[in-house]
Amino acid sequence: MIKAVIFDMDGTVLNTLEDIMIAANYALKCKGLPEKSGDDIRKAVGNGARKLIERIVPESYTTEEKEILFRIYQDYYDTHSNVHTHPYDGILTLLHQLKDRGFKCAVVSNKFEHLVKSLNQEVFESLFDEAIGEVKGIPIKPHPDMLYKALNLLQVSHEEALFVGDSEVDIDTANNASMRSVGVTWGFRDEDLLIEHGATNIIHHPLDLWGVINKENA
């Protein structure tokens, strides 16, 4: 019986691409590097901010140079994370429906946790019961630890929850946690990649999630 739904943030409940791209290009310009397109950034996100920077800088960049660029990016993004960011169509309706019907909800992201909590408050008015992000001592996705944390806080088992995400990182995370996954096609990755990584379900609109829940709870 499904009692809870855990969501990824970027590309799943929030379209954050423009704010991430602006922050990344700000950092690149500060170091005289060429800017990246939205598609470049879309392909680079998913494994946290440090990995994003690693993917968009020249291969010749040293660890120290990457860290400097990361700091520039993160300092900018910390104060500009909710300028152009917005929920995908249908997400707010879905979240309100889930809450009204007694489901517990959490959001789990490879963003730093202070940003995840801030966006939960500012954009979603704390619709998510728990907002979990990167903190010291807990490996980020695709390690399953963040999902274990969410399950513990929601007080449900891995069999009583779904993990909804838009990327191969999310599908791999669900698999690593022995959870059923729902891949969404409106985010930052293509449907074929989600299927390739073993998504349990695929949906094309947020409200399609009810079909998955009803099937699981039949």
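Details of the structure are given in the entry above.
Residues numbered from 1 in each chain as written. Predicted model: local features only at pLDDT ≥ 70, side-chain atom pairs only at ≥ 80, totals over all residues. Heavy atoms only, no water.

**Q** Is there a simple way to explain the layout of surface pockets in this structure?
**A** Gaps left between atoms are located by rolling a probe of water-molecule size over the structure's atoms. Taken as a whole, the largest pocket holds about 190 Å³ of empty space. If you go around the largest pocket, you meet 14 residues; those closest to its centre are A49, R50, K51, E54 and F70. At the level of elements, α3 (49-56) and α4 (63-78) are the ones that each hand at least two residues to the lining of the largest pocket. Among the elements that take part in the lining of the largest pocket, α3 stands out by supplying five residues, more than any other. (1 Å grid on protein atoms, 1.4 Å probe; cavity = no way out; pocket = protein on both sides within 12 Å on 5 of 7 lines; lining within 4 Å. Points joined across faces, edges and corners; volume = space filled by probe spheres on them. Helix = DSSP H or I, 4+ residues; strand = E, 2+ residues; numbered from the N terminus.)

**Q** How do you make sense of the pattern of salt bridges when you look at a structure like this?
**A** For side chains of opposite charge, pairing can occur when their charged atoms come near one another. Applying the stated criterion across every chain, the model contains 14 salt bridges. Its salt-bridge partner being E160, residue K3 comes within 3.2 Å of it at the nearest N-O pair. Of the two residues, K3 is situated in the segment before β1 (4-7) and E160 in the loop between α7 (145-154) and β6 (161-165); the sequence distance between them amounts to 157 residues. Between D39 and R42 there is a salt bridge, with its nearest N and O atoms 2.6 Å apart. Here the residue D39 and the residue R42 both occupy positions in helix α2 (residues 38-44), the gap between them amounting to three residues, near one helical turn. Looking at D39, the relative accessible area reads 34%, which means it is partly exposed. (Salt bridge = Lys/Arg side-chain N within 4 Å of Asp/Glu carboxyl O. Buried < 20%, exposed > 50% of the residue type's maximum accessible area, 1.4 Å probe, protein only.)

**Q** Could you clarify how one ought to interpret the pairing of β1 in this entry?
**A** Two faces make up the sheet, and in a regular strand the side chains alternate between them. Neither face of β1 is exposed, since A4 and I6 on one face and V5 and F7 on the opposite face are all buried. In terms of strand pairing, β1 meets strand β4 (residues 104-112) through four bridges, oriented parallel. Looking at β4, one finds that I6 is bridged to A106. Taken together, the four bridges between β1 and β6 define a ladder with parallel strand orientation. Considered in β6, the bridge of V5 is made with L162. (Pairing = 2+ DSSP bridges.)

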